[in-house]
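An overview of the molecular structure
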Amino acid sequence: MKKKIGIGIIGTGFARKTQIPAFKNLPEAEVVSVASGSLENAEKTAKEFEIKHWTDDWKETVERGDVDLVCITTPPNLHKEMTLLALEHEKHILCEKPFAMNVAEAEKMVEMAKEKNVLTLIDHELRFLNGRQKAFEMIRRGEIGKIIHAKQTFRNSSRGTSDVKWNWWSDKDTGGGTLGAIGSHVIDTFQWFLDTKITDIFCLLKTNVKQRTDKNGVEREVTSDDEVNMILKFADSELTENAGGTASLSMVEAGEYDYNVKIFGTEGSIIIGEQGEVRYAKMGDKKWKEIEVDLGDAPPNVQPSGWSRGFMSFAGEIVSAIKEDKTEIKHAATFQEGLKIQKVLDSARESDEKGCFVKL
């Protein structure tokens, strides 16, 4: 058994803020290489976290013999090429969401992954929040009865003004936009909690800030969405009965940041907050009951949030699985699930284009 699991990071955005600090906090893991399209960013990140190797050629990171796990945290248009090379080199993979640019790409990645005896995971770290796992078990114990409705709200104003520079997030051709970045989490959350398929979707995508200035001072058109509204229908299952859902996601709404999940059943309801806080009410109750939850830890020197707490827990599970030669982790989203989410994302875009419900 290896003493330490070697980790190669591609991308210095989310990885620098959350993933690298989490892995650095695990004694059985070592970040051995970091790659970025900018050599300056790669070097700066490497020196900040005492990583020995940095490069502006991501293939160097993938091909290193001391890299066991490749973390792909780049814009989505790069995921397929990076994933296929990592699989070719028999590396374990943690790929950021959205998984791919479209279903065809996702199918190719899933197909190749089936041939390899490695972990192939999507970074849906919110599944690993203690509060979400507690709610998951409560639902399966029948504490809210059959699920009849679910809704999610995500709101912040991080892209609410034109002062935010144009970058890949502003470009649909690189996979930018709220639907991919946040909608992929939302779809995963619905499917994971309800354990059923989305059968129909209506989606409205909006671009509220239509022009942004790039790093060179050139004003450019924003082609990605910054607001998403969805109506969903779910297949009947052991947990659901004639269930529908809604989601309102925005990066341009002023006020306090909020991300919550609400699940309503025939006998009660559950609300899960952004950090994993859980509230519960039986049918007929006039007030919510707070459910005691240990929210868990964020990586050292990282702002506590649902994302950072969830990833800290997830990172430990990944490292343990690799050390034990496992190719599955309980609750972790697989490439197969990434494909299912991609099918919903593609259908959401089709719905927006046609202005009607789309059947999956």
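This text goes with the structure placed above it.
Below: a short report on this structure. The model shown is predicted, which means the values in this text are computed figures rather than measured ones.

**Structural notes on the environment of E137**
Mapped onto the elements of the fold, E137 is located in helix 6 (residues 130-140). The partly exposed category is assigned to E137, whose relative accessible area is 33%. For the pair E137 and G177, spaced 40 residues apart in sequence, the C-alpha to C-alpha distance is 32 Å.

**Focus: helix 2 (residues 39-49)**
Looking at helix 2, one finds that the buried residues are A42, T45, A46 and F49. Viewed end-on, helix 2 has its buried residues packed into an arc of 100°, placing them on one side of the element. Within helix 2, the exposed residues directed more than 90 degrees away from the buried face are E40, K44 and K47. At its buried positions, helix 2 is contacted by helix 1 (14-24), strand 2 (29-35) and strand 3 (53-55). Just past helix 2, the residue E50 takes up positive phi, approximately 55°.

**As for the packing of aromatic side chains**
Across all of its chains, the model carries 12 aromatic pairs by this definition. Here the aromatic rings of F136 and W192 are separated by 4.5 Å at their centres, their planes lie at 20°, and the arrangement is stacked. Of the two residues, F136 is situated in helix 6 and W192 in helix 7 (residues 178-194); the sequence distance between them amounts to 56 residues. Of the two residues examined, F136 and W192, each falls in the buried class. Pairwise contacts between aromatic rings join F14, F23, F128, F311 and F314 into one cluster. We note R140 situated over the ring of F136; from NZ or CZ to the ring centre the distance is 3.5 Å. It is R220 that lies over the ring of W166; its NZ or CZ is 3.5 Å from the centre.

**Section: the pattern of salt bridges**
Across all of its chains, the model carries 12 salt bridges by this definition. The shortest N-O distance in the salt bridge between K359 and D200 comes to 3.0 Å. Within this pair, whereas K359 is found in strand 18 (residues 358-359), its partner D200 is found in strand 8 (residues 198-206), the two being separated by 159 residues in sequence. For K359, a relative accessible area of 66% gives the class exposed. For the salt bridge of K354 with E350, the shortest nitrogen-to-oxygen distance reads 2.6 Å. Pair noted here: K354 and E350 are both in helix 9 (residues 335-354), with a separation of 4 residues, about one helical turn. Here the salt bridges share partners, and the residues they tie into one network are R127, D188 and E337.

The rules behind these values
Positions within a chain are numbered from 1, following the residues in the order the chain's sequence is written. Residue-level local features of this predicted model are given only where pLDDT is at least 70; pairs of side-chain atoms are given and counted only at 80 or more, and the full residue set underlies all totals for whole chains, interfaces and linings. Hydrogens and water molecules were not included; the side-chain quantities draw on all heavy atoms of the structure. Secondary structure elements follow DSSP: runs of H or I of four or more residues count as helices, runs of E of two or more count as strands, with numbering from the N terminus. The cut-offs for exposure are 20% and 50% of the maximum accessible area for each residue type, with area from a 1.4 Å probe on protein chains only; residues under the lower value are buried, those over the upper are exposed, and the others partly exposed. The directions from the helix axis to the C-beta atoms form the arc being described. Throughout, a contact is declared for two residues whenever any of their heavy atoms are within 4.5 Å. Working definition: rings of Phe, Tyr and Trp (its six-membered ring) pair if their centres are within 6.5 Å, and the pair is stacked with planes under 30 degrees apart, edge-to-face with planes over 60 apart, and tilted otherwise. Counted as over-ring charges are cases with an Arg CZ or a Lys NZ within 6 Å of the ring centre that also lie within 35 degrees of the ring normal. Any Lys or Arg side-chain nitrogen found within 4 Å of a carboxyl oxygen on Asp or Glu counts as a salt bridge.

Honestly, that's just the spatial picture; any functional story needs more than this.
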